[in-house]
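So you can see what is in the structure, the chains are spelled out below.
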Amino acid sequence: MIPQQLPSYPWETAGAPHLRPITKEHFRCRGRRSHPPKPNHNGELQGDCDGYFEHGLPVRNGEEGVQPILIELLNILQEKTKNQVIVTSGHRCPKHQAYLYSHPKAQASKHQVGAEVAFYIPNWEPENLIPIIENFYKSHSRYEQRPSYLHFKRWDKETDVRTPPWYNEEIFIKIYQQDEGRNEDNSHPFPYLSIQVRYDMEKGEKVQYTWKGSQEYFR
Ligand SMILES: [Zn+2]
């Protein structure tokens, strides 16, 4: 019998072509009309939005979009880990944000302006993704001669997580352990990472949540 060469499957080829590239589509609002109404901070029942059936992404340069660095970083992490990035929360419209967290103080989330993402990578501890992100900054020519991008610092002020976050000029990274940061978007059992954008290099401006900004999305 002549041994036959086993057929090669596309997911076995060099690199990781089985991975779905991360695009702005992964950032669509996770609101669902089927979510049961919940009492808000005034005790009134409040429903959710209907996610991408109801509305689009924030407006960026006249089109639907989110902060490009987030898409770039998620694709880098996919490429380096050869594992699919699972985005659990990208853009949140104000209605969905209010559904997740009804307290008025919880409304200033950068998710609403397309500048924050929550995600995990199956079989990867979030801590092990930090060096990959740091290496991305150290090896990209865009950040040469920019020390405030190359060196990550640890945030020592109070936050909603136990692990001190990492940050550089452009981004702020938090790790949510299995008992932290659970909501309808993150109802899975895995620890996850959140990346917020602090500075928009393309536009040369600080990125902040504003009420006005949160209202600027495609309807
Ligand atoms: Zn929504």
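These figures come from a predicted structure and were not determined experimentally. (Residues numbered from 1 in each chain as written. Predicted model: local features only at pLDDT ≥ 70, side-chain atom pairs only at ≥ 80, totals over all residues.)

1. Regarding helix H1 (residues 68-81)
Note on helix geometry: an α-helix contains 3.6 residues per turn, so any two residues three or four positions apart are oriented the same way.
Stage number 1. End to end, H1 covers 20 Å across 14 residues, agreeing with the expected 20 Å (1.5 Å per residue, within 8%).
Stage number 2. Listed in full, the buried residues belonging to H1 are Leu70, Ile71, Leu73, Leu74 and Leu77. Taken down its axis, H1 places every buried residue within 165° of arc, on the same side.
Stage number 3. Buried positions along H1 lie against strand S6 (116-120), helix H3 (130-139) and strand S10 (192-197).
Stage number 4. Count one or two residues on from H1 and you reach lysine 82, which has phi positive near 55°. (Helix = DSSP H or I, 4+ residues; strand = E, 2+ residues; numbered from the N terminus. Expected span 1.5 Å × (residues − 1). Buried ≥ 20, exposed ≤ 12 C-beta atoms within 10 Å, placed from the backbone. Arc of directions from axis to C-beta. Contact = placed C-beta atoms within 7 Å.)

2. Observations regarding the environment of asparagine 186
Stage number 1. Within the secondary structure, asparagine 186 sits in the loop between strand S9 (171-176) and S10.
Stage number 2. C-alpha of asparagine 186 to C-alpha of valine 87: the two residues are 99 residues apart in sequence and 9.6 Å apart in space.
Stage number 3. If we skip the residues at most four places from it in the chain, asparagine 186 touches Thr88, Ser89, Ala118, Gly181 and Tyr192.

3. Observations concerning the packing of H1 against H3
Stage number 1. Two numbers describe how H1 lies on H3: the axes approach to 10 Å, and their chain directions differ by 115°. Compared by their axis directions, H1 and H3 come out roughly perpendicular. In the crossing of H1 with H3, the sense of the turn from one axis to the other is right-handed. Mapping the contact onto sequence places Leu73, Ile76, Leu77 and Lys80 in H1 and Ile132, Ile133 and Phe136 in H3.
Stage number 2. When grouped by side-chain class, the residues that make up the contact of H1 with H3 number six nonpolar, no polar and one charged. (Axes fitted to C-alpha atoms, helices over the stretch in contact; angles between N-to-C directions. Parallel < 35°, antiparallel > 145°, perpendicular 65-115°, else oblique. Left-handed = near helix turned anticlockwise from the far one by under 90°. Nonpolar A, V, L, I, M, F, W, Y, C, P; charged D, E, K, R; others polar.)

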